[in-house]
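Fold and geometry: a report
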Amino acid sequence: MIEIKGLSKNFKNIKALDNISLTVNEGEVFGFLGPNGAGKTTTIRILSCILKPDAGTALLDNYDIHEEPMKIRKLIGVLTENPCIYERLSGRYNLMFFGKLYDVPEDQIKQRVDELLTMFDLQDRSNDKSGTYSKGMKKKLAISRTMIHNPKIIFLDEPTTGLDPKASKDLRDYIKKLSIKRKITIFLSTHNLTEAEYLCDKIAVINKGKIIAIGRPNELSRMLWSGDRVEITLINDYKDKGISQSEIHDMISSIDGVNECIVNDNKIHLSLESAEKVNPIIIKKLISSGIDIVQAKIEGHSLEDIYLSLIKEESDKK
Amino acid sequence: MKKAIIIMKKDIKEIRTSFQIFGTMIATPALLTGIALVTFGILFAIIPNPIDLYSILYGAGNILPMYNLMFLIIPVVLPTYIAADSFVGEKVRKTIEALLVAPISDNELLLGKVLVSLIPTLLFSYLFIGVYIIGINILQLVNYGAIVFIFPDLGFILGCLLHIPLLCIITIEIMVIISLKVKGIREAQQIGGVVVIPVISFMFLPFAGLNLYSLSNPLNIFLFTLITLIFCLLAISFYFLSLKVFKRSNIIVKI
């Protein structure tokens with residue numbers, strides 16, 4: 001659905017994008033992560049055909065950004081970082097205006113606008129000036145604007161910035177619904193890792209204009225770390241049985257395949273070569289030593305771990 | 001063209017909600033018309049003999065040509081208010097990006113923005129010039145019981161029909177170019193205000209005995225034709241220049 005081939009863009013002496021390439025499949029939620037100034041917004045602006053790259057190209061639904069920008073603009077919806085709504089005009093007028101600009105048939109505009117206003121719970125205030133709306137309502141209106149023409153691809157640039165937790169959650173749920181039910185391809189630029197972790201099928205991490213990693217979250221995790229992380233919770237009476245924390249630590253550390261062991265009260269945090277192979281041995285050893293176990297949990301690396309490691313690795317290289 | 005009109009309608013609706021802009025758009029020509037009519041009302045009342053009146057209107061004082069020229073300021077002043085809000089306002093209020101990603105061509109977007117300044121300006125200019133013309137003729141009838149001098153004359157009619165649209169278009173085109181360089185509405189209005197200066201200089205021509213709107217002698221006819229041609233040339237040059245600079249990629253990097 002989106003195919004980026006060697007895009008580069010310079011602003012005077014600053015390399016905003018440096019030969020980036022990636023592919024996003026139809027119906028996928030693609031997370032584009034990176035720190036501020038990494039090149040996320042520049043990429044979206046090039047894909048939306050409002051900025052020309054210095055080199056490379058991109059295909060959106062097989063339309064080339066250089067050859068058919070107008071066709072691309074018709075099939076995409078872009079939620080910019082700012083809501084971009086006309087605050088002196090009503091929410092309804094805003095949607096009607098963009099509906100007309102996006103060639104929504106005259107006889108369908110009103111119905112489509114009502115549908116979106118109802119969906120986003122804006123119907124009651126639809127005739128009020130949108131400048132009087134709360135931040136969350138403005139964001140909802142902006143998303144309605146993005147959706148007015150039923151786009152095939154949606155670009156979301158920091159969609160939950162400035163929203164309260166409830167509004168952020170509602171928005172994330174809606175985005176998820178869009179990708180699952182309507183098979184819309186979503187290109188999500190964010191530095192909110194919780195959001196990306198919840199929503200994205202695939203992730204690319206960009207830093208200083210270069211893509212430093214791309215893949216599914218678990219693929220990225222495997223790329224960075226070999227092995228698994230396990231957390232074992234113990235019943236906190238082992239001290240009464242005369243067993244100390246350091247004894248538990250030494251007992252587990254001596255097992256082959258244990259890379260790291262941290263004992264903290266009733267929790268043991270482990271880094272293992274393979275949880276499947278080593279974890280049963282540890283559990284057996286703990287039980288045979290008279291230590292009771294509440295649970296053993298295999299922990300994946302969070303997206304935050306992955307992201308921070310990638311960014312750190314990249315700066316260490318330099 | 002259809003999308004240019006959609007943008008124009010939206011901008012006009014926005015302008016109507018701003019008392020500051022809409023109020024100024026009406027106040028400027030209304031004030032000018034009011035001052036002109038009060039001046040002529042007093043003049044007609046204190047000069048009972050129409051023969052004396054003619055020498056004052058067109059003689060050393062040149063009152064009538066001076067006021068006529070003042071009406072040419074309207075199409076230069078009004079677009080600076082509207083265009084600043086329409087072009088720079090979109091950047092300041094951070095709404096421009098949604099327009100730039102929409103399926104409209106650069107030319108349609110530019111045309112829509114030009115129309116929103118052009119149409120209200122022409123409407124208000126001609127509306128208040130109409131009031132000015134009717135007012136002067138009514139004042140003649142009231143004071144002298146008859147029309148003692150023909151108003152408007154051919155020069156003023158041609159000036160209104162040719163110079164008002166041309167000056168309006170030139171001002172808007174200059175505002176388009178300015179809008180890409182500045183970041184604030186006030187800044188745009190201030191720079192746009194400089195545009196008024198060459199037009200104001202016209203007002204001093206009658207003092208030099210060059211009343212180009214009085215087409216009674218060959219020199220004035222020549223001057224009128226020359227200035228009309230210069231305006232046409234400027235309008236065409238600035239049109240191509242504004243088309244050249246009004247590109248999405250230029251606008252987006254200036255946000």
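Structure's up top.
All of these numbers come straight from a predicted model, not from anything done at the bench.

1. Points about the pairing of strand 6 (residues 76-79) of chain A
Residue and element names in this part refer to chain A.
- With burial as the criterion, each face of strand 6 is covered, one bearing Ile76 and Val78 and the other bearing Gly77 and Leu79.
- Bridge count for strand 6 against strand 7 (residues 153-157) is four bridges, and the pairing is parallel. Following the sheet pairing, glycine 77 is matched in strand 7 by isoleucine 154.

2. A short note on the environment of glycine 242 of chain A
- Residue placement: glycine 242 of chain A occurs in the loop between strand 11 (228-234) and helix 9 (245-253).
- In this structure the C-alpha to C-alpha distance between glycine 242 of chain A and lysine 5 of chain A, which are 237 residues apart in sequence, comes to 64 Å.

3. Observations concerning the interface of chain B and chain A
- Taken together, the 20 residues of chain B in the interface contact 24 residues of chain A.
- Put simply, the parts of the chain that give the side of chain B that touches chain A at least two residues each are helix 1 (2-16), helix 6 (96-100) and helix 12 (248-253) of chain B.
- In terms of residues, the side of chain B that touches chain A owes the most to one element, helix 1 of chain B, which gives five residues.
- Here the side of chain B that touches chain A is composed, by residue class, of eight nonpolar, four polar and eight charged.

4. Section: the sheet that holds strand 8 (residues 185-190) of chain A
Residue and element names in this part refer to chain A.
- What the six strands build is an open sheet, ordered 6-7-8-3-9-10; its pairing is mixed. The strands lining the two open edges of the sheet, one partner per strand, are strand 6 and strand 10 (210-215). The average angle at which neighbouring strand axes cross in this sheet is 15°, direction not considered.
- Examined bridge by bridge, strand 3 (residues 29-33) and strand 9 (residues 202-207) share four bridges and lie parallel to one another. Bridge pairing in strand 9 links leucine 33 to valine 205.
- Against the sheet, helix 1 (residues 40-47) touches strand 3, strand 6, strand 7, strand 8 and strand 9, its axis set at about 150° to strand 7.

5. Comments concerning helix 6 (residues 165-182) of chain A
Residue and element names in this part refer to chain A.
- Helix length check: helix 6 (18 residues) gives 25 Å between terminal C-alpha atoms against 26 Å at 1.5 Å per residue, within 8%.
- Along helix 6, the residues classified as buried are Leu171, Ile175 and Ser179. The buried residues of helix 6 occupy an angular sector of 70° when projected down its axis, which confines them to one face. In this structure, helix 6 carries Pro165, Lys166, Asp173, Lys177, Ile180 and Lys181 as exposed residues pointing more than 90 degrees from its buried face.
- Structurally, helix 6 contributes buried residues whose contacts are with strand 3, helix 5 (135-147), strand 8 and helix 7 (193-199).
- Positive phi appears at lysine 183, one or two residues downstream of helix 6, with a value of about 60°.

6. Here's the deal with unusual backbone geometry
- Along the chain, phenylalanine 151 of chain B connects to proline 152 of chain B via a cis peptide bond; the corresponding omega equals 5°.
- Take proline 152 of chain B: it is sitting in the loop between helix 7 (106-144) and helix 8 (154-181).
- Of note, the phi angle at asparagine 19 of chain A is positive, near 55°, even though the residue is not glycine.
- Residue position: asparagine 19 of chain A is located in strand 2 (residues 14-24).
- By C-beta crowding, asparagine 19 of chain A is classed as partly exposed, having 14 other C-beta atoms within 10 Å.
- Even without a glycine there, the phi angle at cysteine 84 of chain A is positive, about 55°.
- By the element assignment, cysteine 84 of chain A lies in the loop between strand 6 and helix 3 (91-101).
- Cysteine 84 of chain A sits in the buried class, given 25 other C-beta atoms within 10 Å.

7. Some words on the nonpolar core
- Ranked by internal contacts, the top residues of the largest apolar core, which has 136 residues, are Ile2, Phe155, Ile186, Phe187 and Leu188 of chain A together with Met175 of chain B.
- With 12 residues, helix 8 of chain B is the single largest residue contributor to this core.
- By size, the runner-up hydrophobic cluster in this structure holds 15 residues, among which are Val230, Leu234, Leu272 and Ala275 of chain A.

8. Describing the packing of helix 5 (residues 74-92) of chain B against helix 7 of chain B
Residue and element names in this part refer to chain B.
- Put simply, helix 5 and helix 7 touch, their axes get as near as 9 Å, and they point 150° apart. Crossing hand, helix 5 versus helix 7: right-handed. Facing Ile74, Pro75, Leu78, Pro79, Ile82, Ala83, Ser86 and Phe87 of helix 5, the residues of helix 7 in contact are Lys113, Val116, Ser117, Pro120, Thr121, Phe124, Ser125 and Phe128.

Reading the values: the criteria
- Residues numbered from 1 in each chain as written.
- Chains lettered and ligands numbered in written order.
- Predicted model: local features only at pLDDT ≥ 70, side-chain atom pairs only at ≥ 80, totals over all residues.
- Buried ≥ 20, exposed ≤ 12 C-beta atoms within 10 Å, placed from the backbone.
- Helix = DSSP H or I, 4+ residues; strand = E, 2+ residues; numbered from the N terminus.
- Pairing = 2+ DSSP bridges.
- Contact = placed C-beta atoms within 7 Å.
- Nonpolar A, V, L, I, M, F, W, Y, C, P; charged D, E, K, R; others polar.
- Axes fitted to C-alpha atoms, helices over the stretch in contact; angles between N-to-C directions.
- Expected span 1.5 Å × (residues − 1).
- Arc of directions from axis to C-beta.
- Core = buried A, V, L, I, M, F, W, Y, C linked by C-beta atoms within 7 Å.
- Left-handed = near helix turned anticlockwise from the far one by under 90°.

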